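Chain by chain, the residues:
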Amino acid sequence: MEKIEFRPAEGGETAWFYVVEETRINGVSYLLVTETEEEEAEAYILKDTSKDGDEEAVYEFVDNDEELEAVSKIFTELLEDVDIEL
């Protein structure tokens, strides 16, 4: 599993996440990430909010309930052996 670094825009402590899966929906990239490689890990869905031409990707946690539910269904289909609970 790929491990990537996330740095808060306002400064602060760097976080490391493992990328479980990624997908693109309607031109927007999403990542399903966890803090550990354990099977029962808590997962988060991140959305790429960067603009074309930005040097680095900017990801934010998906907090809109409708968007979170729709994207989690896609990840569940992509990862047949994984159950995502909201």
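Here the structure is a predicted model, which is why all the values come from computation and not from measurement. (Residues numbered from 1 in each chain as written. Predicted model: local features only at pLDDT ≥ 70, side-chain atom pairs only at ≥ 80, totals over all residues. Heavy atoms only, no water.)

Okay, the environment of Ala 15 next. For Ala 15, the location among the structural elements is in strand β2 (residues 15–25). Sequence-wise, Ala 15 and Ile 4 are eleven residues apart; in three dimensions their C-alpha atoms are separated by 8.5 Å. Leaving out residues up to four positions away in the same chain, Ala 15 has contacts with Ile 4, Glu 5 and Phe 6. (Helix = DSSP H or I, 4+ residues; strand = E, 2+ residues; numbered from the N terminus. Contact = heavy atoms within 4.5 Å.)

This part is about unusual backbone geometry. Residues other than glycine seldom take positive phi values, yet Asn 26 does so here, at roughly 50°. Within the fold, Asn 26 resides in the loop between β2 and β3 (28–34).

This part is about the pattern of salt bridges. For the structure on display, the rule yields four salt bridges. With a shortest N-O distance of 3.6 Å, Glu 69 and Lys 73 are connected by a salt bridge. On the criterion of helical spacing, the pair formed by Glu 69 and Lys 73 is a turn pair, its members being four residues apart in helix α1 (residues 65–78). Residue classification places Glu 69 among the partly exposed positions, given a relative accessible area of 39%. Salt bridges here are not isolated pairs; linked through shared partners, they connect Glu 5, Arg 7 and Glu 56. (Salt bridge = Lys/Arg side-chain N within 4 Å of Asp/Glu carboxyl O. Buried < 20%, exposed > 50% of the residue type's maximum accessible area, 1.4 Å probe, protein only.)

Glancing now at the packing of aromatic side chains. Per the stated rule, a full pass over the model turns up five aromatic pairs. Ring centres of Phe 6 and Phe 17 lie 5.3 Å apart, and the angle between their planes is 70°; on these two criteria the pair is classed as edge-to-face. Of this pair, Phe 6 sits in strand β1 (residues 2–6) while Phe 17 sits in strand β2, and the two are eleven residues apart along the sequence. One exposure class covers both Phe 6 and Phe 17, and it is buried. Arranged with centres 6.0 Å apart and planes meeting at 80°, the rings of Phe 6 and Tyr 59 form a pair that is edge-to-face. Placement of Phe 6 in strand β1 and of Tyr 59 in strand β5 (residues 59–61) is noted, with a sequence separation of 53 residues between them. (Phe/Tyr/Trp six-rings, centres within 6.5 Å; stacked < 30°, edge-to-face > 60°.)

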